Amino acid sequence: MNFTRPPVLVVGAGPAGLVAALTLLQNGIPVRIIDKDPNPRIGQRGPGIWSRSLELFNFLNVPEVNDQGKSLSSIRSYKNGTMEYVTESLMVQRIEPTPAIPFPIAKLLGQQLLDVILRRHLEKFSCSVEMGTELLSVEQSDEGVTAVLAKNGIQETFDTKWVIGADGAKGVTRKQLGLTFLGETRDDIRMVMGDICLKAAGLDRVHWHRFGSFKRGVSLRPADEIGEDGWQFIISNNDLDLTKVAENEEMILDTIRSFVPTEITFNKLVWVSEWRANIRMVNKLSEGRGFVVGDAAHPTGGQGLNSGVQDAFNLGWKLALVEKGLADKSLLETYNAERLPVISEMIGMTTTILNQTLETNNFSVPRTPILSMLGINCRFSNIVLDEFAIPGKPINAYGVLDEGNLEAGDRAPDAPNMLDVGSGKSDVKTLFGLYRPWYHTVLVFAPSHGDATPILGALEAYDTSVVRSAVVLPSSASVTSVTSPADFVLVDQESHAYSAYLVEAGQMKVFVIRPDGVVGAIVHGAEGVMKYFSKIFLDA
C-alpha cells in the first residue's frame with residue numbers, strides 16, 4: 001500500500017468529523033476528510049453546546065465557540081390563542097463561572113456556524129473538506145484500509161491506514177464495518193424543525209417563545225446567525241402529517257400562523273427537516289482499523305453533537321500515538337471501552353427526559369445538572385491509575401460532577417492565576433491553558449521544587465513532544481525564579497489548584513492529565529508515573 005497519502009480518512013464533515021480531523025492534525029497526523037454533500041450543511045440543527053464540550057474546544061484552541069455562542073435564554077410560554085405569556089422559565093439554571101469550572105453553562109451556536117469555525121481551523125493545517133465525495137465501500141487488511149470513493153460519478157480507490165466514520169445515522173461507514181444498531185425509532189414524538197426569517201409583532205428577540213404544548217405547538221427561538229429576523233422554529237403536532245408539512249413551505253407558514261396569534265411577515269424559509277426520536281447505539285464503536293463517532297454511532301437527540309465531539313476527542317489522541325509508533329494498537333481498544341458506557345448511560349438519561357416531557361406535555365421541563373457532562377468519567381478504564389481511590393465502586397460513567405471527590409478517569413479541573421516562575425519567566429497561566437490534545441501534562445504538586453526533583457528526573461525518559469511537566473507549588477512558596485527541567489514551575493497564588501485537585505499544602509501528589517483533559521493517573525511519585533505511562537507508551 002502507498003502510505004505517502006494521509007494515513008487517516010475521515011468520512012463526514014459535521015462537528016464530530018471536523019473535531020476528529022482537527023485533533024489528529026494538531027497531533028501532526030495528516031488527514032483526508034470527505035463529505036458526500038456537494039455544499040456545506042446549512043441549518044442551526046441542535047445548537048446546544050454543553051460545558052464539557054466548551055472545555056474541549058478550549059483545549060483545541062477554538063475559542064470562537066464560547067465567544068460566539070449565545071447564553072441560553074428563558075422560555076416564555078403563552079396562554080392559548082393569545083400573546084399573553086403565563087410562565088417564564090429556564091431550562092438550565094444559570095451558574096456563575098468558578099476557578100475550577102470556567103464554562104459552567106451551555107451556549108447556543110448553530111451547527112452551520114460551528115462547521116464554518118472548525119473548517120477555518122483545519123485550513124491552518126492546509127486541510128480542507130472534499131465536498132461531493134462519497135464513500136462506497138471499505139475493505140480492511142492487517143496493514144491498512146482500501147476505500148472506494150466516488151465524486152461526480154468517477155470512482156477512486158484510496159489506500160489508507162485508518163478510517164473514521166462521522167457520516168451520521170444513515171452513513172455508509174457503520175454498515176461497511178459490520179456494526180449493528182441497537183434500539184428503536186419512536187413514532188410517538190415527531191417534529192418539524194428549521195430556520196426561518198420572519199417578523200412577528202410583539203415577539204422580542206430576547207426570549208425563546210413557546211405557543212401551545214410540547215405535543216402540539218410551535219416554538220420560536222431568535223437566532224441572529226440566520227439574520228436579524230432569523231428564528232429557529234420547532235413544530236410538534238402528531239395530528240398533522242409532519243412529513244408533508246416539512247416538504248411544503250406554505251403548510252409550515254400556516255402552522256406557525258395557527259399557533260402564533262399576531263401579525264407575521266414571512267421573509268424566507270432557510271432550512272427545514274423532520275425529526276424523530278431515534279434512540280439507537282452501535283454494539284461497538286470500532287472494527288479493526290475502522291471507527292465510528294457521533295451520530296454514526298448513536299443518533300440520539302439532546303446531546304448528540306456533544307457526545308460526538310467527545311467521541312472524536314477521545315479517539316484522536318490515541319490514534320495519533322499509535323500512528324506515530326509511540327503506542328501499541330491495543331490502546332485503540334480503550335476508545336470503545338471508555339465511550340460505550342457513557343453513550344449507553346447518556347441514552348438512558350435523554351430518554352428519561354423525553355418521557356418526562358411527553359408525560360407533562362411541557363417543553364420547558366428543567367434539565368438535570370448531569371447534562372453539563374462535567375461528571376462524565378472513565379474511572380473504570382484499564383489505562384487509568386489511581387493509587388488513592390477505593391477500588392470496587394460501581395460504574396457511573398455519566399455521573400454528576402462531585403467537586404469534593406477527584407479520581408483518575410475524571411475530568412481535570414481548571415485553576416487560574418498560576419504564576420509561572422520557571423527559568424526566569426513570570427507569566428500568569430491557567431491549568432486549562434497548559435492542556436492540549438498532543439501531549440500528556442504531568443502536574444507535580446510538591447511543597448518545594450526540590451521535592452519534585454525525583455519525578456522530574458524520571459520524566460526525562462519520555463519524549464518531550466508528548467509529555468510535558470509542571471511543578472505546582474503552594475501559595476506559601478516564596479519562589480521568585482527557579483531553573484528547572486520542568487516545562488512550568490507554577491506558584492498557586494490563590495490556592496485554586498490545590499483546592500480543585502484536593503491536595504494539602506504540605507502534600508506530595510502527582511496527577512497525569514491526558515491529552516483529552518481527563519485525569520489519567522493520581523499517584524504518589526515517580527514509580528506511579530512510570531506505571532501509568534507503561535499502559536500508554538511502547539517501551540515505557
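In the block above lies the structure referred to throughout.
Rules and cut-offs
- Residues numbered from 1 in each chain as written.
- Predicted model: local features only at pLDDT ≥ 70, side-chain atom pairs only at ≥ 80, totals over all residues.
- Heavy atoms only, no water.
- Phe/Tyr/Trp six-rings, centres within 6.5 Å; stacked < 30°, edge-to-face > 60°.
- Helix = DSSP H or I, 4+ residues; strand = E, 2+ residues; numbered from the N terminus.
- Buried < 20%, exposed > 50% of the residue type's maximum accessible area, 1.4 Å probe, protein only.
- Lys NZ or Arg CZ within 6 Å of the ring centre and 35° of its normal.
- Expected span 1.5 Å × (residues − 1).
- Bend = angle between axes of the 7 residues up to and from the residue.
- Contact = heavy atoms within 4.5 Å.
- Pairing = 2+ DSSP bridges.
- Salt bridge = Lys/Arg side-chain N within 4 Å of Asp/Glu carboxyl O.
- Axes fitted to C-alpha atoms, helices over the stretch in contact; angles between N-to-C directions.
- Parallel < 35°, antiparallel > 145°, perpendicular 65-115°, else oblique.
- Left-handed = near helix turned anticlockwise from the far one by under 90°.
- Nonpolar A, V, L, I, M, F, W, Y, C, P; charged D, E, K, R; others polar.

J.: Break down the packing of aromatic side chains for me, with residues and values.
T.: Overall, the coordinates contain 16 aromatic pairs when judged by the stated rule. Note on phenylalanine 445 and tyrosine 498: the rings are 4.9 Å apart at their centroids and 85 degrees apart in plane angle, and the pair reads as edge-to-face. Of the two residues, phenylalanine 445 is situated in strand β23 (residues 440-445) and tyrosine 498 in helix α11 (residues 496-500); the sequence distance between them amounts to 53 residues. Its relative accessible area of 0% is what places phenylalanine 445 among the buried residues. In this arrangement the basic side chain of arginine 289 is found over the ring face of tryptophan 162, its NZ or CZ atom lying 4.4 Å from the centre.

J.: An account of helix α9 (residues 333-360) is needed here, citing residue identities and associated values.
T.: In a regular helix each residue adds 1.5 Å, so 28 residues correspond to 40 Å; α9 covers 42 Å between its end C-alpha atoms and thus fits that length. Of all the bends in α9, the greatest, near 25 degrees, is centred on arginine 339, and the proline proline 341 appears no more than four residues after it. One or two steps after α9, the chain reaches asparagine 361, where phi turns positive at roughly 55 degrees.

J.: Describe helix α2 (residues 51-59), with residues and values.
T.: Most of α2 sits inside the fold, with eight of its nine residues counted as buried. Against α1 (15-26), β3 (48-49), α3 (64-68), β7 (107-108), α4 (111-123) and α8 (304-323) lie the buried residues of α2. Following α2 by one or two positions, asparagine 61 adopts a phi angle in the positive range, close to 60 degrees.

J.: Outline the pairing of strand β9 (residues 133-140), supporting the account with residue identities and numerical values.
T.: Sheet topology note: the β9/strand β10 (residues 145-151) ladder contains seven bridges and is antiparallel. The residue of β10 that forms the bridge with valine 138 is alanine 147. Here β9 folds back onto β10, and the loop between the two strands holds four residues.

J.: Describe the pattern of salt bridges, with residues and values.
T.: On inspection of all chains with the given rule, the structure shows 21 salt bridges. Close ionic contact of arginine 76 with aspartate 204 constitutes a salt bridge, the shortest N to O distance being 3.3 Å. You can see arginine 76 sitting in strand β5 (residues 75-78) and its partner aspartate 204 sitting in the loop between β13 (181-200) and β14 (208-212), a full 128 residues away along the chain. Taking relative accessible area as the criterion, aspartate 204 reaches 24% and is therefore assigned partly exposed. The partner of arginine 205 in a salt bridge is aspartate 224, and the shortest N-O contact between them spans 3.0 Å. With a gap of 19 residues between them, arginine 205 in the loop between β13 and β14 and aspartate 224 in the loop between β15 (216-222) and β16 (230-237) connect regions that are remote in the sequence. Given the relative accessible area of 29%, arginine 205 is considered partly exposed. Residue classification places aspartate 224 among the partly exposed positions, given a relative accessible area of 48%.

J.: Tell me what's going on with the sheet that holds strand β18 (residues 286-287), and back it up with residues and numbers.
T.: On the basis of which strands lie adjacent, the open sheet formed by six strands has the order β8-β2-β1-β12-β19-β18 and mixed pairing. With partners counted over all chains shown, the strands left at the sheet margins are β8 (130-131) and β18, one partner each. As judged from the four bridges shared by strand β1 (residues 8-11) and strand β12 (residues 162-165), these two strands associate in the parallel manner. When the sheet's bridge partners are listed, valine 8 is paired in β12 with tryptophan 162. The strands touched by α1 are β1, β2 (31-35) and β12; relative to β2, the strand with the most contacts, the crossing angle is about 170 degrees.

J.: Talk me through the packing of α2 against α8; I want residue IDs and the actual numbers.
T.: Contact pair α2 / α8: the axes reach a minimum separation of 10 Å and the direction vectors enclose 40 degrees. The pairing of α2 with α8 is recorded here as oblique in orientation. In the packing of α2 onto α8, the handedness of the crossing is left-handed. Here α2 contributes Arg52, Ser53, Leu56, Phe57 and Phe59 to the contact with α8, which in turn contributes Asn306, Val309, Gln310 and Phe313. Residue composition of the contact of α2 with α8, by class: five nonpolar, three polar and one charged.

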